[in-house]
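# Architecture and fold: a report
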Amino acid sequence: QVQLVESGGDLVQPGGSLRLSCAASGFTFSRYAMSWYRQAPGKERELVAVISSTGGSTNYADSVKGRFTISRDNAQNTVYLQMNSLKPEDTAVYYCNARQGIGSFSTVYWGQGTQVTVSS
């Protein structure tokens, strides 16, 4: 059974930091690119950060560059999102995503999400 379980979401003040974790099971984690997405109320889900299967390549949304860092531990089947200098506009539900392949030939898994609220 495939599972992606996010944790680490919380209420934090502007300027604060959080680290999200996503624990994977039920598939060969090291063969999948991993991403974090987020969805704020009334908005579409957006890609925040992605990391290649080996961890050798990362990419970020412009809105989080320099503040967020994605990393993975293939031995622990876990992907992380370190979030620094948080802003109120970072408030959203954050989802973990696993993808292998391209387009219609890809296999995709989603987690259930973890709430991040940035407010004073």
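Keep in mind that this is a model prediction, so the values were computed, not measured. Residue positions are given per chain, counted from 1 along the sequence in the order it is written. Residues qualify for local features only when their pLDDT is at least 70, as the model is predicted, and side-chain atom pairs are given and counted only at 80 or more; totals for whole chains, interfaces and linings, by contrast, use all residues. The side-chain quantities take in all heavy atoms of the structure and omit both hydrogens and water.

## What about the state of the cysteines?
Disulfide: a covalent bond formed between the sulfur atoms of two cysteine residues. Under the convention used in this document: Put simply, a disulfide is two cysteine sulfurs that come within 2.5 Å. By definition, any uninterrupted DSSP run of H or I lasting at least four residues is a helix, any uninterrupted run of E lasting at least two residues is a strand, and each is numbered from the N terminus.
Applying the stated criterion to the full structure yields one disulfide. Here Cys-22 pairs with Cys-96 through a disulfide, and the sulfurs are 2.1 Å apart. Its S-S torsion of approximately -85 degrees makes the covalent link between Cys-22 and Cys-96 left-handed. With Cys-22 in strand S3 (residues 18–25) and Cys-96 in strand S9 (residues 92–100), this pair connects stretches of sequence that are 74 residues apart.

## Some thoughts on the packing of aromatic side chains
Which entries qualify depends on this criterion: Between the rings of Phe, Tyr and Trp (Trp by its six-membered ring), a pair exists once the centres lie within 6.5 Å; its type follows the angle of the planes, with under 30 degrees stacked, over 60 edge-to-face, and the other angles tilted. Relative accessibility thresholds used throughout: buried, under 20% of the residue-type maximum; exposed, over 50%; partly exposed, between the two (1.4 Å probe, protein chains only). Here, a charge over a ring means that NZ of Lys or CZ of Arg falls within 6 Å of the ring centre while also lying within 35 degrees of the ring normal.
Counting across every chain of the model gives five aromatic pairs. Residues Phe-27 and Phe-29 carry aromatic rings whose centres are separated by 6.5 Å and whose planes lie at 50 degrees to one another, so their mutual orientation is tilted. For Phe-27, a relative accessible area of 13% gives the class buried. Members of the aromatic cluster, joined through ring pairs, are Phe-27, Phe-29, Tyr-32 and Tyr-109. Sitting over the face of the ring of Tyr-95, Arg-45 holds its NZ or CZ atom 3.7 Å from the ring centroid. If you follow Arg-45 out to its NZ or CZ, it ends over the ring of Trp-110, 4.6 Å from the centre.

## Observations regarding the side chain of Ser-106
Operational definition: We call two N or O atoms a polar contact when they sit within 3.5 Å, provided that within protein one can donate a hydrogen and the other can accept it, with sequence-adjacent residues counted only if both atoms are side-chain atoms. Note on contacts: a residue pair is in contact if any heavy atoms of the two residues lie within 4.5 Å.
In this fold, Ser-106 is placed in the loop between S9 and strand S10 (107–110). Taking relative accessible area as the criterion, Ser-106 reaches 19% and is therefore assigned buried. Reaching out from Ser-106, the side chain makes a polar contact with the side chain of Arg-99 at a distance of 3.1 Å. Within the local environment of Ser-106, its side chain forms a polar contact with the backbone oxygen of Gly-103, the two atoms lying 2.6 Å apart. The contact partners of Ser-106, leaving out residues within four places of it in the chain, are Arg-99, Gln-100 and Gly-101.

## A word on the pattern of salt bridges
Formally: Whenever a carboxyl oxygen of Asp or Glu lies within 4 Å of a side-chain nitrogen of Lys or Arg, that contact is scored as a salt bridge.
Here the structure, examined in full by the defined rule, presents four salt bridges. Here Arg-38 ties to Glu-46 by a salt bridge, and the two come within 2.6 Å at their closest N and O atoms. By relative accessible area, Glu-46 is classed as partly exposed at 33%. Of the charged contacts, one joins Asp-90 and Arg-67 as a salt bridge, the two residues approaching to 2.7 Å between their closest N and O atoms. Linking Asp-90 in the loop between strand S8 (78–83) and S9 with Arg-67 in the loop between strand S6 (58–60) and strand S7 (68–73), this pair joins segments that are 23 residues apart in sequence.

## Comments concerning the nonpolar core
This is how the line gets drawn: Side-chain atoms within 4.5 Å are what join buried Ala, Val, Leu, Ile, Met, Phe, Trp, Tyr and Cys residues into a set we call a nonpolar core.
Met-34, Trp-36, Val-79, Leu-81, Met-83 and Tyr-94 are the most contacted members of the largest nonpolar core, which totals 30 residues. Every element with two or more residues in this core is listed here: S3, strand S4 (33–39), strand S5 (46–51), S7, S8, S9 and strand S11 (114–118). Residue contacts for Leu-81: discarding those within four places in its chain leaves Leu-18, Arg-19, Leu-20, Trp-36, Val-48, Ala-49, Phe-68, Thr-69, Ile-70 and Tyr-94.

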